[in-house]
Amino acid sequence: MVGPRSYASAPAMGECCVRTAAALARSDPRPAAELLGLGHWLLEHEETALPPTLAAHDARVTGLVEAP
């Protein structure tokens, strides 16, 4: 996962982790849980909230996977 440049902000990477976790949640829950945890950590570290549509996916995925 990389941003448009060689540097990507923590919130952008956090959102990317949550999106990827949402895509993996049903097929491969273990890495999805790890990505979700990482995404949450990155977003919390920068005190950033998810956009509403991504927050809805996050809530769905959080219910499907166990945190590591």
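Draft legend 1. Summary view of the overall build of the protein. Counting its secondary structure elements, the protein contains three helices and zero strands. Across the protein, helices and strands are ordered from the amino to the carboxyl terminus as α-α-α. Taken across its 68 residues, the protein has 32% of its residues classed as buried. The contacts in the protein between residues at least 6 apart in sequence include a share of 62% that link residues at least 24 apart. Entry remark: accessible area of the protein is about 4,500 Å², with carbon and sulfur atoms responsible for 57%.

Draft legend 2. View of the environment of Gly37. Among the secondary structure elements, Gly37 is positioned in helix α2 (residues 29-45). Once the C-alpha coordinates of Gly37 and Ala21 are considered, the two residues, 16 residues apart in sequence, prove to be 9.3 Å apart.

Draft legend 3. How the structure looks around the nonpolar core. Ranked by internal contacts, the top residues of the largest apolar core, which has 17 residues, are Val18, Ala21, Leu36, Val61 and Val65. At the level of secondary structure, the elements contributing two or more residues to this core comprise α1 (10-24), α2 and α3 (52-64). Look past the residues within four positions of Ala21 in its chain and what remains in contact with it is Ala32, Leu35, Leu36 and Val61.

Draft legend 4. Examining the side chain of Glu15 more closely. Tracing the backbone through its elements, the reader meets Glu15 in helix α1. Classification of Glu15 by relative accessible area gives buried; the value is 17%. Excluding residues within four positions of it along the chain, Glu15 makes contact with Leu43, Leu50, Pro51 and Leu54.

Draft legend 5. Quick look at the confidence of the model for the protein. Here the protein shows a mean pLDDT of 85. Residues at 70 or above account for 87%. Confidence, expressed as mean pLDDT per element, reaches its minimum in the protein at α3 with 87 and its maximum at α2 with 92.

Thresholds applied
In this convention, every chain numbers its residues from 1, walking through the sequence in written order. Side-chain atom pairs in this predicted model are given and counted only at pLDDT of 80 or more, local residue features only at pLDDT of at least 70, and totals for whole chains, interfaces and linings cover all residues. Hydrogens are left out, water is left out, and the side-chain values use all remaining heavy atoms of the structure. Only DSSP runs of H or I with at least four residues qualify as helices, and only runs of E with at least two residues qualify as strands; both kinds are numbered from the N terminus onward. In this scheme, a residue with accessible area under 20% of its type's maximum is buried, one over 50% is exposed, and one in between is partly exposed, where area comes from a 1.4 Å probe on protein chains only. Every residue pair with non-hydrogen atoms within 4.5 Å of one another is taken to be in contact. For the accessible areas, the method is Shrake-Rupley and the probe is 1.4 Å, while residue cover comes only from the protein chains on display. What we call a nonpolar core is a set of buried Ala, Val, Leu, Ile, Met, Phe, Trp, Tyr and Cys residues that are connected through their side-chain atoms within 4.5 Å. pLDDT measures how confident the predictor is about each residue, on a scale from 0 to 100.

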